[in-house]
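A structural walkthrough
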Amino acid sequence: MTTKLIYETHSTTLDNENGIATGWLPGELSAEGRRHSAELGARNQGVDVIFSSDLRRAVQTVELSGLTAPHLRDWRLRECNYGELNGAPRDALDPRVERIRTPFPGGQSYNDVLELTRSFLADVKRWYGGSVVLVVAHSANRWALEHLLGGGVPLEKLIAAPFNWQPGWEYEL
(Lines give C-alpha, C1' and ligand atoms only; values in the text may rest on other atoms or scores of the structure.)
Protein backbone atom coordinates (compact mmCIF):
# COMPACT_ATOMS: atom_id res chain seq x y z
CA MET A 1 0.00 0.00 0.00
CA THR A 2 1.62 3.26 -1.14
CA THR A 3 1.59 6.29 1.10
CA LYS A 4 1.86 9.69 -0.56
CA LEU A 5 3.87 12.17 1.47
CA ILE A 6 3.73 15.87 0.63
CA TYR A 7 6.43 17.95 2.29
CA GLU A 8 6.11 21.72 2.75
CA THR A 9 8.42 24.08 4.56
CA HIS A 10 6.90 26.24 7.26
CA SER A 11 5.92 29.68 6.01
CA THR A 12 8.26 32.68 6.10
CA THR A 13 9.19 33.95 9.56
CA LEU A 14 10.46 37.24 10.92
CA ASP A 15 13.79 35.47 11.50
CA ASN A 16 13.90 34.31 7.86
CA GLU A 17 13.41 37.89 6.73
CA ASN A 18 16.17 39.09 9.08
CA GLY A 19 18.78 36.41 8.31
CA ILE A 20 18.50 34.66 11.67
CA ALA A 21 18.99 30.88 12.14
CA THR A 22 16.07 30.09 14.44
CA GLY A 23 16.93 26.43 15.10
CA TRP A 24 14.99 25.13 18.12
CA LEU A 25 13.62 28.56 19.04
CA PRO A 26 9.87 28.90 18.35
CA GLY A 27 9.92 31.56 15.62
CA GLU A 28 7.01 33.73 14.51
CA LEU A 29 5.45 33.98 11.05
CA SER A 30 5.78 37.31 9.27
CA ALA A 31 2.88 39.00 7.47
CA GLU A 32 4.12 37.38 4.24
CA GLY A 33 4.31 34.00 6.01
CA ARG A 34 0.72 34.31 7.18
CA ARG A 35 -0.40 34.87 3.57
CA HIS A 36 1.68 31.90 2.39
CA SER A 37 0.02 29.65 4.99
CA ALA A 38 -3.35 30.19 3.31
CA GLU A 39 -1.79 29.37 -0.08
CA LEU A 40 -0.32 26.17 1.39
CA GLY A 41 -3.79 25.20 2.56
CA ALA A 42 -5.37 25.92 -0.81
CA ARG A 43 -2.94 23.64 -2.66
CA ASN A 44 -3.14 20.77 -0.14
CA GLN A 45 -6.88 20.12 0.08
CA GLY A 46 -7.74 16.46 0.43
CA VAL A 47 -4.87 15.31 2.64
CA ASP A 48 -5.78 12.67 5.20
CA VAL A 49 -3.53 13.77 8.03
CA ILE A 50 -1.07 16.59 8.73
CA PHE A 51 2.13 16.24 10.71
CA SER A 52 4.21 19.22 11.71
CA SER A 53 7.17 20.05 13.83
CA ASP A 54 6.11 21.13 17.29
CA LEU A 55 7.97 24.44 16.92
CA ARG A 56 5.65 27.45 16.80
CA ARG A 57 6.43 28.53 13.23
CA ALA A 58 5.44 25.13 11.80
CA VAL A 59 2.35 24.79 14.02
CA GLN A 60 1.28 28.33 13.10
CA THR A 61 1.69 27.53 9.39
CA VAL A 62 -0.78 24.64 9.73
CA GLU A 63 -3.18 26.55 11.98
CA LEU A 64 -3.43 29.41 9.47
CA SER A 65 -3.70 27.09 6.44
CA GLY A 66 -7.44 26.50 6.76
CA LEU A 67 -6.91 22.74 6.40
CA THR A 68 -9.29 20.58 8.42
CA ALA A 69 -7.49 17.21 8.43
CA PRO A 70 -6.22 16.00 11.81
CA HIS A 71 -3.01 17.85 12.78
CA LEU A 72 -0.41 15.97 14.81
CA ARG A 73 2.72 17.64 16.20
CA ASP A 74 5.91 15.58 16.25
CA TRP A 75 9.11 16.75 17.90
CA ARG A 76 11.14 14.53 15.53
CA LEU A 77 10.29 17.01 12.77
CA ARG A 78 12.11 19.91 14.45
CA GLU A 79 14.80 21.89 12.67
CA CYS A 80 18.35 20.92 13.50
CA ASN A 81 19.24 22.07 17.01
CA TYR A 82 22.02 24.60 16.50
CA GLY A 83 22.69 24.57 20.25
CA GLU A 84 24.60 27.70 21.21
CA LEU A 85 23.88 29.09 17.72
CA ASN A 86 20.05 28.97 17.95
CA GLY A 87 19.03 32.54 17.12
CA ALA A 88 22.43 33.50 15.67
CA PRO A 89 22.90 35.15 12.26
CA ARG A 90 22.45 32.51 9.54
CA ASP A 91 26.06 32.94 8.36
CA ALA A 92 27.33 31.81 11.79
CA LEU A 93 26.28 28.24 10.84
CA ASP A 94 28.65 28.07 7.86
CA PRO A 95 30.09 25.83 6.65
CA ARG A 96 27.10 23.63 7.44
CA VAL A 97 28.54 20.57 5.69
CA GLU A 98 30.98 20.29 8.60
CA ARG A 99 27.94 19.60 10.83
CA ILE A 100 26.73 16.49 9.02
CA ARG A 101 28.48 14.21 11.52
CA THR A 102 29.74 16.73 14.08
CA PRO A 103 27.02 18.35 16.21
CA PHE A 104 26.69 22.11 16.55
CA PRO A 105 28.12 23.14 19.96
CA GLY A 106 25.47 22.06 22.49
CA GLY A 107 23.18 20.85 19.69
CA GLN A 108 22.71 18.20 17.00
CA SER A 109 24.34 17.08 13.78
CA TYR A 110 22.44 16.75 10.51
CA ASN A 111 22.84 12.97 10.84
CA ASP A 112 20.88 13.23 14.10
CA VAL A 113 18.05 14.92 12.17
CA LEU A 114 18.31 12.24 9.48
CA GLU A 115 17.82 9.46 12.04
CA LEU A 116 14.86 11.22 13.68
CA THR A 117 13.28 11.66 10.24
CA ARG A 118 13.89 7.97 9.46
CA SER A 119 12.09 7.03 12.71
CA PHE A 120 9.18 9.35 11.86
CA LEU A 121 8.83 7.81 8.37
CA ALA A 122 8.73 4.29 9.80
CA ASP A 123 5.82 5.30 12.03
CA VAL A 124 3.97 7.02 9.17
CA LYS A 125 4.34 3.93 7.02
CA ARG A 126 3.12 1.70 9.84
CA TRP A 127 0.14 3.80 10.99
CA TYR A 128 -0.86 5.76 7.87
CA GLY A 129 -0.16 3.35 5.01
CA GLY A 130 -2.19 4.20 1.93
CA SER A 131 -2.92 7.75 3.14
CA VAL A 132 -2.03 11.17 1.78
CA VAL A 133 0.17 12.73 4.46
CA LEU A 134 1.19 16.38 4.62
CA VAL A 135 4.36 17.20 6.55
CA VAL A 136 5.17 20.81 7.50
CA ALA A 137 8.69 21.17 8.84
CA HIS A 138 12.11 22.75 8.25
CA SER A 139 15.09 22.74 5.88
CA ALA A 140 17.00 19.98 7.70
CA ASN A 141 13.96 17.70 7.38
CA ARG A 142 13.72 18.42 3.65
CA TRP A 143 17.34 17.40 3.23
CA ALA A 144 16.68 14.22 5.22
CA LEU A 145 13.62 13.38 3.09
CA GLU A 146 15.52 14.01 -0.15
CA HIS A 147 18.29 11.72 1.08
CA LEU A 148 15.96 8.98 2.31
CA LEU A 149 13.19 9.10 -0.32
CA GLY A 150 14.63 11.12 -3.20
CA GLY A 151 17.17 8.63 -4.48
CA GLY A 152 19.85 8.77 -1.80
CA VAL A 153 21.23 12.20 -2.69
CA PRO A 154 24.22 12.76 -0.37
CA LEU A 155 23.60 15.17 2.49
CA GLU A 156 26.78 17.04 1.55
CA LYS A 157 25.30 17.89 -1.84
CA LEU A 158 21.87 18.81 -0.44
CA ILE A 159 23.23 21.08 2.30
CA ALA A 160 25.68 22.84 -0.04
CA ALA A 161 23.02 23.54 -2.72
CA PRO A 162 21.14 26.85 -2.71
CA PHE A 163 17.60 26.66 -1.34
CA ASN A 164 15.08 26.68 -4.16
CA TRP A 165 11.62 26.99 -2.66
CA GLN A 166 8.76 25.29 -4.42
CA PRO A 167 5.12 24.63 -3.50
CA GLY A 168 5.64 21.21 -1.97
CA TRP A 169 7.77 18.14 -2.63
CA GLU A 170 6.06 14.78 -3.16
CA TYR A 171 7.37 11.38 -2.12
CA GLU A 172 6.09 7.81 -1.94
CA LEU A 173 6.57 5.49 1.01
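Within each chain, residues carry numbers counting from 1 in the order of the written sequence. Where totals are concerned, whole chains, interfaces and linings use all residues; where local detail is concerned, this predicted model gives features only for residues with pLDDT of at least 70, and gives and counts side-chain atom pairs only at 80 or more. Note: side-chain values were computed over all heavy atoms of the structure, leaving out hydrogens and water.

The subject of this paragraph is the side chain of serine 131. Summarising the element assignment, serine 131 is placed in the loop between helix 4 (110–127) and strand 6 (132–137). A relative accessible area of 15% places serine 131 in the buried class. What makes two residues a contact is simply this: any of their non-hydrogen atoms within 4.5 Å. The contact partners of serine 131, leaving out residues within four places of it in the chain, are Thr2, Thr3, Lys4 and Asp48. Helical segments are the DSSP runs of H or I of at least four residues, strand segments are the runs of E of at least two, and each set is numbered from the N terminus. Burial status follows relative accessibility: with a 1.4 Å probe on protein chains alone, a residue under 20% of its type maximum counts as buried, one over 50% as exposed, and anything between as partly exposed.

What you tend to see is this: most non-glycine residues have negative phi, and most peptide bonds are trans. With an omega of -10°, the peptide bond running from aspartate 94 to proline 95 counts as cis. If you trace the backbone, proline 95 turns up in the loop between strand 5 (88–89) and helix 4.

Cavities and pockets were defined on a 1 Å grid built over protein atoms only: a cavity is a set of grid points that admits a 1.4 Å probe from which the probe cannot escape, a pocket is an open set flanked by protein on both sides within 12 Å along at least five of seven lines, and lining residues are those with an atom within 4 Å of any such point. Grid points are joined across faces, edges and corners, and a volume is the space filled by probe spheres set on the points. Space inside the largest pocket adds up to approximately 720 Å³. Around the largest pocket, the lining comprises 31 residues; the ones closest to its centre are His10, Asn16, Arg90, Ser139 and Phe163. Every element with two or more residues in the lining of the largest pocket is listed here: strand 1 (4–9), strand 2 (20–21), helix 2 (31–43) and helix 5 (139–149). Here the residues of the lining of the largest pocket sort into eleven nonpolar, ten polar and ten charged. Under the scheme applied, nonpolar residues are Ala, Val, Leu, Ile, Met, Phe, Trp, Tyr, Cys and Pro; charged residues are Asp, Glu, Lys and Arg; polar residues are all the others, including Gly.

Glancing now at the environment of valine 153. Relative to the assigned elements, valine 153 resides in the loop between helix 5 and helix 6 (155–160). C-alpha separation for the pair valine 153 and tryptophan 143, spaced ten residues apart in sequence, amounts to 8.8 Å. Residues in contact with valine 153, not counting those within four places in the same chain, are Glu146, His147 and Leu158.

Residues spaced three or four apart along an α-helix face the same direction, because each turn holds 3.6 residues. Look at helix 4: 26 Å from first C-alpha to last across 18 residues, which is about the 26 Å you get at 1.5 Å a residue. Among the residues of helix 4, Tyr110, Val113, Leu114, Leu116, Thr117, Phe120, Leu121 and Val124 are the ones counted as buried. Mapping the buried residues of helix 4 onto a view down its axis gives an arc of 165°, with all of them on the same face. At its buried positions, helix 4 is contacted by strand 1, strand 3 (49–52), strand 6, helix 5 and helix 6. Here a helix's expected span is defined as the number of its residues, less one, multiplied by 1.5 Å. It is the directions from the helix axis to the C-beta atoms that the arc portrays.

The subject of this paragraph is helix 2. Given a rise of 1.5 Å per residue, 13 residues ought to cover 18 Å, and the 19 Å separating the end C-alpha atoms of helix 2 matches this to within 8%. For helix 2, the set of buried residues is Gly33, Ser37, Leu40 and Gly41. End-on, the buried residues of helix 2 take up no more than an arc of 95°, which puts them together on one face. Of the residues in helix 2, the exposed ones pointing more than 90 degrees away from the buried face are Ala31, Arg35 and Ala42. For helix 2, the elements touching its buried residues are strand 1, helix 3 (56–63) and strand 6.

Moving on: the pattern of salt bridges. Each reported salt bridge corresponds to a side-chain nitrogen of Lys or Arg within 4 Å of a carboxyl oxygen of Asp or Glu. In total, this model carries ten salt bridges according to the counting rule given. The salt bridge partner of glutamate 8 is arginine 43, with a shortest N-O separation of 2.9 Å. In this pair, glutamate 8 is assigned in strand 1 and arginine 43 in helix 2, connecting sequence segments 35 residues apart. Assessed through its relative accessible area of 32%, arginine 43 is described here as partly exposed. A salt bridge links arginine 78 to aspartate 54; the nearest nitrogen and oxygen atoms lie 2.7 Å apart. Taken as a pair, arginine 78 in the loop between strand 4 (71–73) and strand 5 and aspartate 54 in the loop between strand 3 and helix 3 lie far apart in primary sequence, 24 residues in all.

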